[in-house]
Amino acid sequence: MKFKSIKGTRDILPPESRQWQYAEQIIRSRMALFNYREIRTPVFEETALFARGIGELTDIVSKEMYTFTDRSDTSLTLKPEMTASVIRAYLQHNLGEQQPLTRLFYIAPMFRQERPQAGRLRQFHQFGAEAIGGRSAAIDADVIALATEIYRSFGILNPALRINSVGCHLCRPAYKKLLREFLEQVRDGLSPESQRRIELNPLRILDSKDDNDNRLTASAPLIKDHLCTECREHFAELQESLALAQVPFLVDGRIVRGLDYYTRTAFEITSSDLGSQDALAGGGRYDLLAEELGGKPTPAVGFAAGIERLLMVLNQQKHDFPEEPGPSVFIACADADGRRFAARAVMELRRSGISAETDYFSRSLKAQMREADRQQAVVATVIGATEIADNRCTLKVMKTGETRQTALDSLAGGLKLILSRP
Ligand code: HAM
């Protein structure tokens, strides 16, 4: 075979696809419980949307976007995240006019040209939610509670929620100055990447993956201790709301996030079952993004989470996934009359809501029963000229070997009876 899937992309095959359906179903049900409705946006957008929204200097925009020019010379980018697209759609369709708080969720593929490794892909999938239109820290807590509730409903044992406040355009400039002054003193010992960031994006140095950087910045000033009054109150209110919602959290002044749009609340959920790429989910408040994208001031908060990482943790924790069900009935054919009967019957059964399967390879009866077993059919039956003449057949429950006679002309009824038994 000449063609292979592209590095950093994956085929999701059965039975794994069943795990995805199951996960998506639980995610959708939790989103509905929290009153979020689904948004689907295009896979590609104008490049400038992400450059403006996420920030030119971020790793995502400067190194990781799949950007191309189409035939009319427009620069387009496969979406590396959803928040910018959701706000673009919110502004474009005036969603805020219909309600004060717009709550949207999504499940979608994202694209980032990162170095592939366990838990890090170039096409990956996120579920996420954005609550647009409200300033209150109670909404931040609601969004965070939604994220943690989803993990809880999967029975994930040990996710850690860490929260921080990254301040606002009023308090951040003075803090940045303070941080730079600190960093200048340890500049020579920092990794080249962090040295470059002192000027451009000093906050990111605080969540460097380099142990030596972390040692040198252990006593760096943290923004949570240098917030303006409003940001400080907002952060205190967030903690109070989380406590009321009974969501356990840790305050971690080093959470700064890799996207530039955050103001005030920033948070991450990690799992020790993930190895080096341990972030399950991340999010926060982004009160200035709508304006940055040309809209009117619109406060908002949200999160996104990797589905591959969720499934990695579930598999690590030996989660009891529901199995892919086999067909309810396998009709084995004893002869040409049986095959003609089966051709009609499988369709009739399917139309009446019973999943039915038969043989398409003219196999021996023994091989057909083996196939019924391999497919984990719940019931198998053998039909031939004799059964047709007698208008009777035997339904065999594959697991127990138990049998039951039924009239061929009411096969669906007989099957329903036997299938409905526990
Ligand atoms: P993010 O932290 O870039 O945030 O991504 C969120 C989650 O997506 C990560 O915690 C991780 O689980 C997953 N993820 C990210 N990159 C990869 C990758 N290369 N391979 C596999 N999984 C990955 C955002 O995207 C923001 N839009 C979150 C947000 C929503 N903030 C406010 N609203």
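Look up a bit, the structure's there.
About the cut-offs
Residues numbered from 1 in each chain as written. Predicted model: local features only at pLDDT ≥ 70, side-chain atom pairs only at ≥ 80, totals over all residues. Heavy atoms only, no water. Pairing = 2+ DSSP bridges. Helix = DSSP H or I, 4+ residues; strand = E, 2+ residues; numbered from the N terminus. Contact = heavy atoms within 4.5 Å. Axes fitted to C-alpha atoms, helices over the stretch in contact; angles between N-to-C directions. Buried < 20%, exposed > 50% of the residue type's maximum accessible area, 1.4 Å probe, protein only. Near = heavy atom within 4 Å. Polar contact = N/O pair within 3.5 Å; in protein donor to acceptor, adjacent residues only side chain to side chain. Areas by Shrake-Rupley, 256 points an atom, 1.4 Å probe, with all protein chains shown as cover. Nonpolar A, V, L, I, M, F, W, Y, C, P; charged D, E, K, R; others polar.

(A) Spatial organisation of the sheet that holds strand S5 (residues 102-111). In space, the 8 strands of this open sheet follow the order S1-S5-S6-S11-S10-S9-S7-S8, with mixed pairing throughout. Of all strands in the sheet, those bounded by a partner on one side alone are strand S1 (37-38) and strand S8 (250-251). By the bridge criterion, 10 bridges tie S5 to strand S6 (residues 123-132) in an arrangement that is antiparallel. When the sheet's bridge partners are listed, Ala108 is paired in S6 with Gln126. Helix H5 (residues 137-153) rests against S5, S6, strand S7 (159-165), strand S9 (265-271), strand S10 (279-285) and strand S11 (300-306) of the sheet, and its axis sits at about 15° to S11.

(B) Spotlight on the sheet that holds strand S3 (residues 67-69). Spatial strand order, S2-S4-S3: 3 strands in an open sheet with antiparallel pairing. Of all strands in the sheet, those bounded by a partner on one side alone are strand S2 (44-46) and S3. This sheet shows a mean twist of 35° between the axes of neighbouring strands, independent of strand direction. Alignment of S2 against strand S4 (residues 75-78), held across 3 bridges, turns out to be antiparallel. Directly across from Phe44, in S4, lies its bridge partner Leu78.

(C) Inspection of helix H11 (residues 307-316) at higher detail. Most of H11 sits inside the fold, with 7 of its 10 residues counted as buried. Within the sequence span of H11, burial applies to Ile307, Glu308, Arg309, Leu310, Leu311, Val313 and Leu314. Positive backbone phi, at 50°, marks Lys318, one or two positions downstream of H11.

(D) Here's a closer look at the site of the ligand. Close contacts around the ligand come from 27 residues, with Glu81, Glu114, Leu121, Glu130 and Tyr262 the closest. In this structure, Thr83 approaches the ligand through a side-chain N or O atom, which is 2.9 Å from a nitrogen atom. One nitrogen or oxygen atom from the side chain of Glu130 is found 2.8 Å from a nitrogen atom belonging to the ligand. For the ligand, whose unbound accessible area comes to 660 Å², protein coverage reaches 95%. Sorting elements by how many residues they give to the shell around the ligand places S10 first, with 6 residues. Its residues assigned to classes, the shell around the ligand shows 12 nonpolar, 8 polar and 7 charged.

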